[in-house]
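Notes for the structure review
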Amino acid sequence: MTSVASNLLPPSSDATAALPFGVLTDDLVPVPDLGAGRGPRWLDEWLGANLPLLMSWRRTLHANPELRRAEFRTTATIVEILRSLGLRPRVLPTGTGVICEVGSGPRCVALRADIDALAVPEATGEPWASRVPGVSHACGHDVHTAILLGAAAALASAPSLPGRVRLLFQPAEEEPGGAHDVIAAGGVEGVERIFGLHCDPKVLVGRIGTRVGPVTSACDMLDLRVVACGTGRRNELSSDVVHALGVVATGLPAMLARRVDPRSGTVLAWGLMDAPDTTGGTPRAGVLRGTLRTGDPVVNGQLPALVEEIVGSLLRPTGVRFELDHVRAVPVVDNDPESTAVLQRAITEALGPQAVTSTTQSTGGEDFGWYLAHVPGSYARLGIWSGEGPQGDLHQPTFHADERALPIGVRAMVHAALAVPSAG
């Protein structure tokens, strides 16, 4: 889930030095497979024989988190596993992230997982906890990646498939951009539908939350830079940068509340206001940065022009010069009704009707929405709460995922892939 942080750590390695992580080989007690026996036979057989391997992939990735644009060893590990299955993975031109296909035929469905970690320390105390200070998989991307690897392995073991399944291991979801890399590399060309899962600590393990329509919010980044006019040494001859920043900081949220339908869930939060001190005079320049979220796709399209209009009207009387950057970070993830129905049927067939539950729209951002601008699809929430103890949350040092969700996620993704070619 996108964090839109502003100070991620720089990459610590490069593509030429990337070697796969050594897979953790400690003895593992396999978790129960809550969908065992529901088929198809080859899926039951693969999971029955390889649950410890699936768990080891997840724990290896969890212990070795890498931040966005630096997922070189994570990428190398994914490539090594896919090649061991007899598949032909392709690394994105950016150096991180992987595209790979299973099966053959004219019809194609895509499954997506994100692979990057967060600049968040881990405090779970698990034996496989992060080995990288200040960095962890506190959003479950290690779970997503392991599930997609498991789906790849299971699909590769099938005697036949009704079409192609394209596996998208996307980098840089936490700081938006990775979806654009995948799309630019041809990741959605020829794809009929696309599906994705995201861990949800509020949903009980064994259940998957689905929803038609908006399921996350759009998130834009605002960067306002103002420059004073005048000498800066006589107040009556110089514009006041600090005052100008304050006018926008208080006025823009107030005006948006009047100009935008409150049912859209539009919220502006400032993260930085800075006007460096100047010896012998008032500051000559300043900056104001924040994030603007909305849950309404239509309102999201209207916001750039509206924000520019309001900022201009607020700053005009102050006399400052200004420049506003309005960056469209991620759009609303707006689930296609037909694709969501396909996914719900797939979950029911894979796990039983009790596995399908509803979910609400969140204010979080997620760049899966960029795929849906090109291809119909659906994005669901994978339950990872054990049912005991407090429910956690994403992006927290104590983030924990019940590993029973691993085979559940594999089954759901495999069945979604199988459902599309026969769905018409």
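Residues numbered from 1 in each chain as written. Predicted model: local features only at pLDDT ≥ 70, side-chain atom pairs only at ≥ 80, totals over all residues. Heavy atoms only, no water.

1. Quick look at the sheet that holds strand β11 (residues 321–330)
Worth spelling out the cut-off: Strand pairing is assigned whenever DSSP detects at least two bridges linking the two strands. The way it works is that DSSP assigns letters per residue, a run of H or I at least four long becomes a helix, a run of E at least two long becomes a strand, and they are numbered from the N terminus. Comment: axis = line fitted to C-alpha atoms, over the contacting stretch for helices; angle = value between 0 and 180 degrees taken between N-to-C directions. In what follows, residue pairs with any heavy atoms lying within 4.5 Å of each other are defined as contacts.
Spatially, four strands are ordered β9-β10-β8-β11 in an open sheet, and the strand pairing comes out antiparallel. Of all the strands in the sheet, the pair left with one neighbour each is β9 (267–274) and β11. Ignoring strand direction, the axes of neighbouring strands in this sheet form an average angle of 15 degrees. The pairing of strand β8 (residues 218–227) with strand β10 (residues 285–294) spans 10 bridges and is antiparallel. Note on β10: the bridge partner recorded for Asp 223 is Arg 289. Across the sheet, helix α5 (residues 241–259) lies against β8, β9 and β10, angled at about 170 degrees from β9, the strand it touches most.

2. A short note on the confidence of the model for the protein
Our working definition: On a range of 0 to 100, pLDDT expresses the predictor's confidence in each residue.
Model confidence for the protein is summarised by a mean pLDDT of 92, while 92% of its residues fall at 70 or above. Considering only residues more than four positions removed or in separate chains, one finds that residues 3–13, a stretch of pLDDT under 50, has 21 contacts.

3. Overview of the pairing of β8
For clarity, the cut-off: When a residue's accessible area, from a 1.4 Å probe over protein chains only, is under 20% of the maximum for its type it is buried; when over 50% it is exposed; and in between it is partly exposed.
Across the 10 residues of β8, seven count as buried, placing the element largely inside the fold. Inspection of the sheet shows β8 paired to β11 by nine bridges, in the antiparallel sense. Across the sheet, Asp 220 pairs through a bridge with Arg 328, a residue of β11.

4. Comments concerning the nonpolar core
Cut-off, in case you're wondering: Here, the term nonpolar core denotes a set of buried Ala, Val, Leu, Ile, Met, Phe, Trp, Tyr and Cys residues that are joined through side-chain atoms within 4.5 Å.
In this structure, Trp 42, Leu 82, Leu 167, Phe 169, Phe 195, Ile 208 and Val 414 are the most contacted members of the largest nonpolar core, which totals 71 residues. For this core, the element with the most residues is helix α9 (residues 405–423), which contributes 12 residues. Not counting residues within four places of it along the chain, the set of residues in contact with Leu 167 comprises Leu 82, Val 98, Ile 99, Cys 100, Val 102, Leu 111, Leu 148 and Ala 152. If you look at the next biggest cluster of nonpolar residues, it comprises 25 residues, including Leu 252, Leu 256, Val 260 and Val 299.

5. Structural notes on the packing of helix α2 (residues 72–84) against helix α3 (residues 141–156)
Here is the rule: Small angles under 35 degrees read as roughly parallel and large ones over 145 as roughly antiparallel, with 65 to 115 read as roughly perpendicular and the rest as oblique. Here a crossing is called left-handed whenever its near helix is offset anticlockwise from the far helix by less than a right angle, and right-handed whenever the offset is clockwise. Three residue categories are used. Nonpolar comprises Ala, Val, Leu, Ile, Met, Phe, Trp, Tyr, Cys and Pro, charged comprises Asp, Glu, Lys and Arg, and polar comprises the others, including Gly.
For the pair α2 and α3, interaxial distance at closest approach is 10 Å and the crossing angle is 15 degrees. As far as their axial angle goes, α3 and α2 are roughly parallel. In the crossing of α2 with α3, the sense of the turn from one axis to the other is right-handed. Here Ile 78, Ile 81 and Leu 82 of α2 come into contact with α3, specifically with Thr 145, Leu 149 and Ala 152. Of the residues contributing to the contact of α2 with α3, the split by class is five nonpolar, one polar and no charged.

6. Quick look at the pattern of salt bridges
Quick reminder of the rule: A pairing counts as a salt bridge when a side-chain nitrogen of Lys or Arg comes within 4 Å of a carboxyl oxygen of Asp or Glu.
Evaluated as defined, the whole model comprises 23 salt bridges. The partner of Asp 44 in a salt bridge is Arg 411, and the shortest N-O contact between them spans 2.6 Å. Of the two residues, Asp 44 sits in helix α1 (residues 41–63) while Arg 411 sits in helix α9, which places them 367 residues apart along the sequence. Between Arg 107 and Glu 192 there is a salt bridge, with its nearest N and O atoms 2.8 Å apart. Of the two residues, Arg 107 is situated in the loop between β2 (98–102) and β3 (108–114) and Glu 192 in the loop between α4 (178–184) and β5 (193–204); the sequence distance between them amounts to 85 residues.

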